[in-house]
Amino acid sequence: MVRDIRKIGDPVLRRKAKKVEKVTKDVQKLIDDMIETMHAAHGLGLAAPQVGVLQRVAIVEIEPDEKVPGSGTLYAFINPEIVKVSEETWVNQEGCLSIPGWRGEVERPMNITVKALDRAGNRIKLDVEGWVARAFQHEVDHLDGVMFIDKLVAPDRMWRVKEGEEDKEAAG
Ligand code: NI
C-alpha cells in the first residue's frame, strides 16, 4: 500500500523515531509499504517518519549502475547504527522526498559501517561507500528528525530542480 509522504513543515519529520523492540509482521508490512511508496515516488530511499511512523526503520535502493558500488540492491534496515565513518568526505547533491523540487549540497563521509537488523530481524553489519553510504546517512538522519537542509555546505548551496527533471535526480 502506497502511503502519504509527509512534507517539510509536518512536525513528525522533526521528531526522534523510537527503536523497534521486536520485528513483527507489522514492521514487515511497514517495510513493504515503504518500498511501494518509494517506488511510486521514484525515490532512492525512505525513512519511516516520512510516512508518519516514528520507528527506526529505513530503506535504500539505488538504481543499478556499474559505476556505483552497492547499487541495484534493496536495503531494508531496522534500528541502524552508524558505527564507523571514514575520515575522507565528499560533497555532492541530495534531494528529499519530503522537500520536493529542491536539491542541496551536503558533505558526508565517503565510507561507513552500519549495524542494523534486517527485515527478518537478523543482525547485519554492512560496509557501504559513495552514493549508497550517502543515502544511508540521509535516511538515518531522518530517524533523528534531521533533514539535509540542516547540513548544507553553505546556506546558499540549495536550488530548485527544473520542472520535469525531478525524477532524473532521485531523492530519499
Ligand atoms: Ni529525505
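Let us look at the structure shown here. All of these numbers come straight from a predicted model, not from anything done at the bench.

### Description of the overall build of the protein chain
Logical step 1: For the protein chain, the helix and strand inventory stands at 2 helices and 8 strands.
Logical step 2: Helices and strands appear in the protein chain in the N-to-C order α-β-β-β-β-β-β-β-α-β.
Logical step 3: Taken over the C-alpha trace, the protein chain has a radius of gyration of 15 Å; the compact-globule value for 172 residues is 16 Å, and the two agree within 12%.
Logical step 4: C-alpha extents for the protein chain along the principal axes are approximately 40 × 35 × 30 Å.
Logical step 5: Residues counted as buried form 47% of the 172 residues belonging to the protein chain.
Logical step 6: The contacts in the protein chain between residues at least 6 apart in sequence include a share of 68% that link residues at least 24 apart.
Logical step 7: Carbon and sulfur atoms form 48% of the exposed surface of the protein chain, whose accessible area is close to 9100 Å².
Logical step 8: Across the protein chain, the 26 positively charged side chains and the 30 negatively charged ones have centroids separated by 6 Å.

### Topic: helix α1 (residues 25–40)
Logical step 1: For α1, with 16 residues, the first-to-last C-alpha span of 22 Å sits near the 22 Å given by 1.5 Å per residue.
Logical step 2: Along α1, the residues classified as buried are Val 27, Leu 30, Ile 31, Asp 33, Met 34, Ile 35, Thr 37 and Met 38.
Logical step 3: Where α1 is buried, its residues contact β1 (45–47), β2 (57–61) and β3 (74–85).

### Observations regarding the sheet that holds β2
In a beta sheet, neighbouring strands are held together by backbone hydrogen bonds and run either parallel or antiparallel to one another.
Logical step 1: With antiparallel pairing, the 5 strands of this open sheet are ordered in space as β1-β2-β3-β6-β7. The outermost strands of the open sheet, each flanked by one partner alone, are β1 and β7 (123–129). Sheet twist, expressed as the average angle between the axes of neighbouring strands with direction ignored, equals 40°.
Logical step 2: Relative to β3, β2 runs antiparallel, the two sharing 5 bridges. Of the residues in β3, the one forming a bridge with Val 57 is Ile 78.
Logical step 3: Of the strands in this sheet, β1, β2 and β3 are in contact with α1, which crosses β2 at around 40°.
Logical step 4: Sitting on the sheet, helix α2 (residues 130–143) is in contact with β1, β2, β3, β6 (111–117) and β7, with an inclination near 95° to β3.

### A few points about the sheet that holds strand β8 (residues 158–160)
Logical step 1: With antiparallel pairing, 3 strands are arranged side by side in an open sheet as β4-β5-β8. The sheet is open, and its two borders are formed by β4 (89–95) and β8, each paired with just one other strand. Averaged over all pairs of adjacent strands, the angle between strand axes in this sheet comes to 30°, irrespective of strand direction.
Logical step 2: Across 3 bridges, the pairing between strand β5 (residues 102–109) and β8 is antiparallel. Looking at the pairing, Arg 103 lines up with Trp 159 of β8.

### Some thoughts on the coordination of the nickel ion
Logical step 1: The protein atoms that coordinate the nickel ion are Cys 96 (SG), His 138 (NE2), His 142 (NE2) and Gly 172 (O), at distances of 2.1 to 2.3 Å.
Logical step 2: Linear spacing of the donor residues for the nickel ion on their chain is C-x41-H-x3-H-x29-G. In this pair, His 138 is assigned in helix α2 and Gly 172 in the segment after β8, connecting sequence segments 34 residues apart.
Logical step 3: According to the relative accessible area criterion, His 138 is buried, its value standing at 5%.

### Here's the deal with α2
Owing to its 3.6 residues per turn, the α-helix brings residues three or four apart onto one side.
Logical step 1: Given a rise of 1.5 Å per residue, 14 residues ought to cover 20 Å, and the 20 Å separating the end C-alpha atoms of α2 matches this to within 8%.
Logical step 2: Counting buried positions along α2 gives 13 out of 14 residues, so the element sits mostly inside the fold.
Logical step 3: In the segment just after α2, Gly 145 is the residue with positive phi, at about 75°.

What counts as what
- Numbering of residues starts from 1 in every chain and runs along the sequence as written.
- Reporting of local features is limited, given that this is a predicted model, to residues whose pLDDT is at least 70; pairs of side-chain atoms are given and counted only at 80 or more, and all residues count toward the totals for whole chains, interfaces and linings.
- Computation of side-chain values covers all heavy atoms of the structure but excludes hydrogens and water.
- Secondary structure elements follow DSSP: runs of H or I of four or more residues count as helices, runs of E of two or more count as strands, with numbering from the N terminus.
- We compute the radius of gyration over the C-alpha atoms and compare it with the globule rule, which gives 2.2 Å times the number of residues raised to the power 0.38.
- Under the scheme applied here, a residue whose accessible area is under 20% of the maximum for its type counts as buried, over 50% as exposed, and between as partly exposed, the area being computed with a 1.4 Å probe on protein chains only.
- Should any heavy atoms of two residues lie within 4.5 Å, those residues are considered in contact.
- Surface accessibility in these figures is a Shrake-Rupley result with a 1.4 Å probe; residues are shielded only by whichever protein chains are displayed.
- A positive count includes Lys and Arg, and a negative count includes Asp and Glu. His and the chain ends are not counted in either.
- Charge positions come from single atoms, namely NZ of Lys, CZ of Arg, CG of Asp or CD of Glu.
- By this rule, a helix spans an expected 1.5 Å times one less than how many residues it contains.
- One requirement defines pairing of two strands: DSSP has to find at least two bridges between them.
- With axes taken as lines fitted to C-alpha atoms, and helix axes fitted only over the stretch in contact, angles between N-to-C directions fall between 0 and 180 degrees.
- Each metal's donors are the N, O and S atoms found within 2.8 Å of it, except that Na, K and Ca use a 3.2 Å limit; water is left out, so coordination can look incomplete.

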